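Read off the chains here:
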There are 2 protein chains.
Amino acid sequence: MIGKAVFPVEPWQVREASFDVDLLAQTESVFALANGHVGVRGNLDEGEPHVIPGTYLNSFYEERPLPYPEGGYGYPEQGQTVVNVTNGKLIRLVVDDEQFHVTHGRLLAHERVLDLRAGVLRRSVDWVSPAGRRVRIRSTRLVSFTQRSVAAVAYEVEAVDHEVRITVQSALVANEAQPGTSADPRVAAALDRPLQAVEQDQEQHGAVLLHRTRSSGLLMAAGMDHVVEAPADFDEETDVRPDWARTTVVTVLRPGERLRLVKFLGYSWTSSRSPQAVRDQAAAALTGARYAGWDGLCREQRAYLDDFWDAADVEIDGDAVLQQAVRFGLFHVLQAGARAERRAIPAKGLTGPGYDGHAFWDTEGFVLPLLTYVLPGAAADALRWRRSILDLARQRARTLGLSGAAFPWRTIHGEECSAYWPAGTAALHLNAVIARAVERYRQVTGDLSVERDCGLEILVETARLWTSYGHHDAAGVWHVDGVTGPDEYSAVADDNVFTNLMAAGNLRAAAGACDRQPGAAERLGVRPDEIRAWLAAADAVHVPYDERLGVHAQSEGFTRYAAWDFEATRDQRPLMLHAPYFQLYRRQVVKQADLALAMHWCPEPFTAEQTARNVDYYERITVRDSSLSACTQSVMCAQVGHLELAHDYAWEAALVDLRDLHANTRDGLHMASLAGAWSTLVEGFGGLRERADVLALAPRLPEGIDRLRFRLRHHGLRLIVDADHRTARITLHGDPGGRLTVLLYDERVEVTVAEPVERPVVPIKPLLGVPEQPPGSAPHRHGVDP
Amino acid sequence: MIGKAVFPVEPWQVREASFDVDLLAQTESVFALANGHVGVRGNLDEGEPHVIPGTYLNSFYEERPLPYPEGGYGYPEQGQTVVNVTNGKLIRLVVDDEQFHVTHGRLLAHERVLDLRAGVLRRSVDWVSPAGRRVRIRSTRLVSFTQRSVAAVAYEVEAVDHEVRITVQSALVANEAQPGTSADPRVAAALDRPLQAVEQDQEQHGAVLLHRTRSSGLLMAAGMDHVVEAPADFDEETDVRPDWARTTVVTVLRPGERLRLVKFLGYSWTSSRSPQAVRDQAAAALTGARYAGWDGLCREQRAYLDDFWDAADVEIDGDAVLQQAVRFGLFHVLQAGARAERRAIPAKGLTGPGYDGHAFWDTEGFVLPLLTYVLPGAAADALRWRRSILDLARQRARTLGLSGAAFPWRTIHGEECSAYWPAGTAALHLNAVIARAVERYRQVTGDLSVERDCGLEILVETARLWTSYGHHDAAGVWHVDGVTGPDEYSAVADDNVFTNLMAAGNLRAAAGACDRQPGAAERLGVRPDEIRAWLAAADAVHVPYDERLGVHAQSEGFTRYAAWDFEATRDQRPLMLHAPYFQLYRRQVVKQADLALAMHWCPEPFTAEQTARNVDYYERITVRDSSLSACTQSVMCAQVGHLELAHDYAWEAALVDLRDLHANTRDGLHMASLAGAWSTLVEGFGGLRERADVLALAPRLPEGIDRLRFRLRHHGLRLIVDADHRTARITLHGDPGGRLTVLLYDERVEVTVAEPVERPVVPIKPLLGVPEQPPGSAPHRHGVDP
């Protein structure tokens, strides 16, 4: 947990007012900067103390063996782990003869500010060395959104009350020691010092280091360049070694004088190009950065973010905590996806080594809904990444004895890296979630290029996967047996409602896309009878329903299973660390929203009463051991009218990292939950849904939110939804002739740029009382800051 | 495969008439000798060539890490692997200057004979050295049934046509190089040179070596002693080193003269006693062996076996192949269990390193039925071993969040060593199989001591396991969800019929035992309401039945699952090496008898018609990828009247190792299948069943068997069942007043020692035609030797 006092509640920034070494691991993640291509953890400039030093290049990974005590056919043999690449953010400071270190000497002040509009991390330090020399340090760090390969630091030291000799050592360091990642010596060996030196190039004010990974054979270059401003003479020199380079600046400052060092960093990597090409690319990045200059980089950064916030901001009156948390989340999702550009968006973005840097269904399921509405180009790129690994997914399907394509449950480069198949391979729903993201992109943006370039092929190949795996029973009903839905406490089950409905949606989407692109479909070998088979399966899909209880069974037989003893296990979270899968899988205990997610994403088959009853039933057995759960629970609670509970869950989703609610923020931020926080507001309290060809909205606010205002992009237009407790108003911006049909509180209304639409809020009365959660799993109450 | 010509069909021996290096791995297993305590593979006396050198002490194991790429709560972290202990059977021969080796020089003759009545392995060799010196070698090896710690070799060399200098080097060798066992370096490291030298003792005619395992900390001693007979002067000397000892005898033989060396071996080991105690125990074993002398050991051995065969032999007229194979199987099961004496009986006995030397449910499920009827003391000892690990099983149940005791799926020392829980922990039926063995022992022997000493506690603790795991649904029906039955291609399923019926039997047996021993039950904390709960669960147990098909579903929903594409996978055996569990688990494909085993062991709930229909249905989808399957399929096919098919399966079970039908005889023999071969005859063609308190018999022979005669022990009496195609006759031996009620062809008859009973065979007409098996899974036809 991070106490509420650590980060003061401020609308546009996250500020740590004083240094707390016990929260260093968490703040390394919270203060991470990234642009989707390069990421740096919020490590201190001087490198130490640290918990997890981290600099990442999207998709730059090393392979490692996956050891099984009892192997099995089709088990992946190679894992992939994101590499902590050459650290360029390191700037050491020596004051007279003392190395600056926050835990030596006296720290008079230490503040770090993540500025969500400027897109920089600022730090100011007031320090007295053990020898009694006081200095002020100000550093500002950025990872550029506009120059993909560039990061930069402006570092300033001021002498306060004595003349001091200031030595600044700015470095590139490869193969930093990492905290242990595995008890397996083979794995540790693969990941210990993963970078092999290839070449070093000393420049006038810096250097470029080239390294290669041993097993994956990827090549990278990291370069640094410097601009120094000093009030008097200074010396500058650069040393280069295979695993490090160091530019040293030394000068003497009188009280009030400042030494300023701007450090530009350029990164590049390749799986195929030559060392020379990669070296030159890093050098070109440095040239571009130097050409823009520090101030230019900052201006570009702010302009980029101004545009982003204009399209993406969510304003919340009355709940300043949620306001800050949601913007923090939006900013970090932007950092994860902005410039990923046909690479994966990992579950932790580029903020830490958690989950080995893998991408999961989190991307398409939770991050892309947001990006599709506010930064559609990034969503398109993420889908194009999936297309780029389609051949590997085809191979994987062949390995599994299936047709079409089976995307990897977790991966960096595209190969399946999940080593526990009941919660990997069996989670076949991932494929339908990807298909849904393809379909959503088209519906929301109106842009057909993604479907044309890659979407059709993804839809067709995933549809083929479903028909080769599912089957019709003797009565013609279509089943998908032995799969794992989102709830990982119920693996290898039959007819998971979420999976079945998503698969049916996948099949229909594929049929629709083939209909729109008959020529391309034919080139993929799709024949009319194949499409008929898709639709026949979708139409005959089984959706288990328990007549006795009047609720849907999450999967066949689920509601007949034994109850879980929640009382006895109230202090055991997550349950999977206290109970074996053997016990969890066939009990009525739900790790994370599963049927709730089915109702959120595929609302059609559920009546209002069924939805209310289902929410009530599953709320009581969901322990929320996954950070992917709160946002969905919030959206569904809002839908059935439990607005206060929805508000609680919105806090859970939004504060996951600012309060470290899952006690693992140290390993990186939870992108899906941060994006999910946006969903709690826009889809939950805003009531946003995509219905076939029309946008549905139904704003209804909880008591603690006075007014909610959010922006969406839709078919090239910009939409602003603005609601308080009485009125909901929709405004349209963009092409003066632009118009949009919206289902507002189930009423079909036309919105034009000229004429906003306003309607009184239609309240919802819950059919059932507010459900309780299992002991130990109730969300924190909103307004009571955890 | 081992061709039919390799071992000539002979009733009382298995003879390899000439040496085939390509079958060396298999013959090392086939010619293994053991007594349940000490086991030696059929390695050549001179040690080389070899495939897997093997000398084993029951339960002498080393620990090794179990590495998981994705760990989970309750996963065992330590494996156990049987250790190849100090090899004492090694006798090298040097003829003049040439070391004898079967692939050097010229091998004029090489014969090995496993004598099933003498209990020895004989070898005779006629060899010409590369230098042209011809010798005849005769060796006889035994592992004593009467002296548990003793093995011995009589080794004789004869000069044929030249005077030769003969050097015989008889050795003890620790830490022999083994073929690689694991790709994991940690595992390999743990098992590479597992023995650390502790102490060496040189004796007058031999030596004793003491070693300790690194991690498990077990201490062992291996000693050798020699008696030499030579026609002229000979020299004898002994060298001792930490990892080996060597007694060398040198002499000169003229043509026709012989050097004879008798080598006695004594083994001992401990987990707690001192090196001195263990050393002295090995020395005492040597003293005992020397006191008996070679001839004495052989006489004791034959007497022991005479007694065994008198109680256990099965005579088959008309099928010499099956006759030989069944006796081979009986002999090896005896070797596995005779002197195990409160240690586990591993799946491979002590014949090889397969399955790491672990014991599974094979013991209670397939080996103990045989031992209970023919060597009840060994069965009692095996059950007492289970009692000795009951506390570990209790701990395991606690780890799993369950009451009572959960026995390990695979183990040597008692800790769970199964690293894939869906086919380990989830196979909860093991506990009921153990309970059934306890109950069977009482029913068959009438001996209450096992129930008193250990059976009650096992029954009560396993009953508690079931009631803590199973549950009553809202309608009161009792379910056992998420378990794996015998069929490992259908893991983590609900209401597996076999598991449910066995669990119900376990619960009733526990209630019965508590009824017989109220005081002891009370001391175990059993109260009347607990017993009522057991019986309520047993009475309400769910047995899935598919009304539409008129067959039982192996587990809930099984008959609704998709068909397996048997045609496309006809050459893929075992399927698990060609398809992922993900595909196998929810298809109608059965690895091994599961519902068939339920009908075999729990026949009551099945009508004759249901039984016939079930056999028909499951025959068509059972691929028989486990060696535990053929015997059950044979028994059930016999029961429903498919006698010829039953005969085919009897061959499969009995010839599993003599023909290497599963292509893994190299790793050790299949004790369950070898014992199962007995079941095919006695329970299949003999119709033996235990019904509550009476023995049922119903001999019906297939065409290829003219007459079947088998022996059973029952309540201290000896029963001989003798049947041909017309008549079945039961004779009783023992106490002249002995009498027995038998259900013969469903007729209640009294058999006394004075009056045998004879009835005409009541034939059975199959209700359905002979079923086909999946393509690629039909058994070999009996009579057509594979």
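Everything numeric here is computed off the predicted structure, so don't read it as measured data. (Residues numbered from 1 in each chain as written. Chains lettered and ligands numbered in written order. Predicted model: local features only at pLDDT ≥ 70, side-chain atom pairs only at ≥ 80, totals over all residues. Heavy atoms only, no water.)

Caption draft 1: Layout of empty space enclosed by the protein. All names here are of chain A. A volume near 150 Å³ is recorded for the largest cavity. For the lining of the largest cavity, a count of residues per class yields 13 nonpolar, no polar and 2 charged. Reported here for the second largest cavity is a volume of approximately 120 Å³. Along the walls of the second largest cavity sit 15 residues, with Ala596, Tyr618, Glu619, Thr622 and Gln633 positioned nearest its centre. Of all the secondary-structure elements, those providing two or more residues to the lining of the second largest cavity are α14 (595-601), α15 (608-619) and α16 (630-639). The leading source of residues in the lining of the second largest cavity is α15, at 4 residues. Across the lining of the second largest cavity, the residue classes tally to 9 nonpolar, 4 polar and 2 charged. (1 Å grid on protein atoms, 1.4 Å probe; cavity = no way out; pocket = protein on both sides within 12 Å on 5 of 7 lines; lining within 4 Å. Points joined across faces, edges and corners; volume = space filled by probe spheres on them. Nonpolar A, V, L, I, M, F, W, Y, C, P; charged D, E, K, R; others polar. Helix = DSSP H or I, 4+ residues; strand = E, 2+ residues; numbered from the N terminus.)

Caption draft 2: Main features of helix α12 (residues 528-539) of chain A. All names here are of chain A. In a regular helix each residue adds 1.5 Å, so 12 residues correspond to 16 Å; α12 covers 16 Å between its end C-alpha atoms and thus fits that length. When α12 is considered as a whole, its buried residues turn out to be Glu530, Trp534, Ala537 and Ala538. Taken around the axis of α12, the buried residues stretch over an arc of 100°, which confines them to a single face. Residues of α12 that are exposed and point over 90 degrees away from its buried face: Pro528, Arg532 and Asp539. Packing partners of the buried residues in α12 comprise α9 (449-469), β21 (471-472), β22 (478-479) and α10 (497-516). (Expected span 1.5 Å × (residues − 1). Buried < 20%, exposed > 50% of the residue type's maximum accessible area, 1.4 Å probe, protein only. Arc of directions from axis to C-beta. Contact = heavy atoms within 4.5 Å.)

Caption draft 3: Structural view of the interface of chain B and chain A. Taken residue by residue, the interface counts 51 residues in chain B and 51 residues in chain A. When the two sides are added together, the surface that chain B and chain A hide from each other amounts to roughly 4,200 Å², 60% of it contributed by carbon and sulfur. It is Tyr73, Arg560 and Phe582 of chain B that lose the most area in chain B upon contact with chain A, and together they represent 20% of the buried surface on that side. Where chain B packs against chain A, one counts 26 residue pairs in polar contact (both at pLDDT 80 or more). Secondary structure elements with two or more residues in the side of chain B that touches chain A: α2 (185-191) and α13 (581-584) of chain B. (Buried area = accessible area lost by both parts, 1.4 Å probe. Polar contact = N/O pair within 3.5 Å; in protein donor to acceptor, adjacent residues only side chain to side chain.)

Caption draft 4: Quick peek at the sheet that holds strand β29 (residues 707-714) of chain B. Residues and elements named next belong to chain B. With antiparallel pairing, the 5 strands of this open sheet are ordered in space as β20-β29-β30-β31-β34. Taken across any chain shown, the strands that pair with only one partner, and hence form the sheet edges, are β20 (314-317) and β34 (757-760). Strand-to-strand twist of the sheet, defined as the mean angle between neighbouring strand axes without regard to direction, takes the value 15°. Bridge count between strand β31 (residues 727-733) and β34: 4 bridges; the pairing is antiparallel. Paired with alanine 728 across the bridge in β34 is arginine 759. (Pairing = 2+ DSSP bridges. Axes fitted to C-alpha atoms, helices over the stretch in contact; angles between N-to-C directions.)

Caption draft 5: Molecular detail of α15 of chain A. Residue and element names in this part refer to chain A. Along its 12 residues, α15 runs 16 Å from first to last C-alpha, staying within 8% of the 16 Å computed at 1.5 Å per residue. Here α15 lies mainly inside the structure; 9 of its 12 residues are buried. Taken together, the buried positions of α15 are occupied by Gln610, Thr611, Ala612, Asn614, Val615, Asp616, Tyr617, Tyr618 and Glu619. Next to the buried residues of α15 lie β23 (545-546), β24 (551-552), β26 (587-588), α14, α16 and α17 (643-654).

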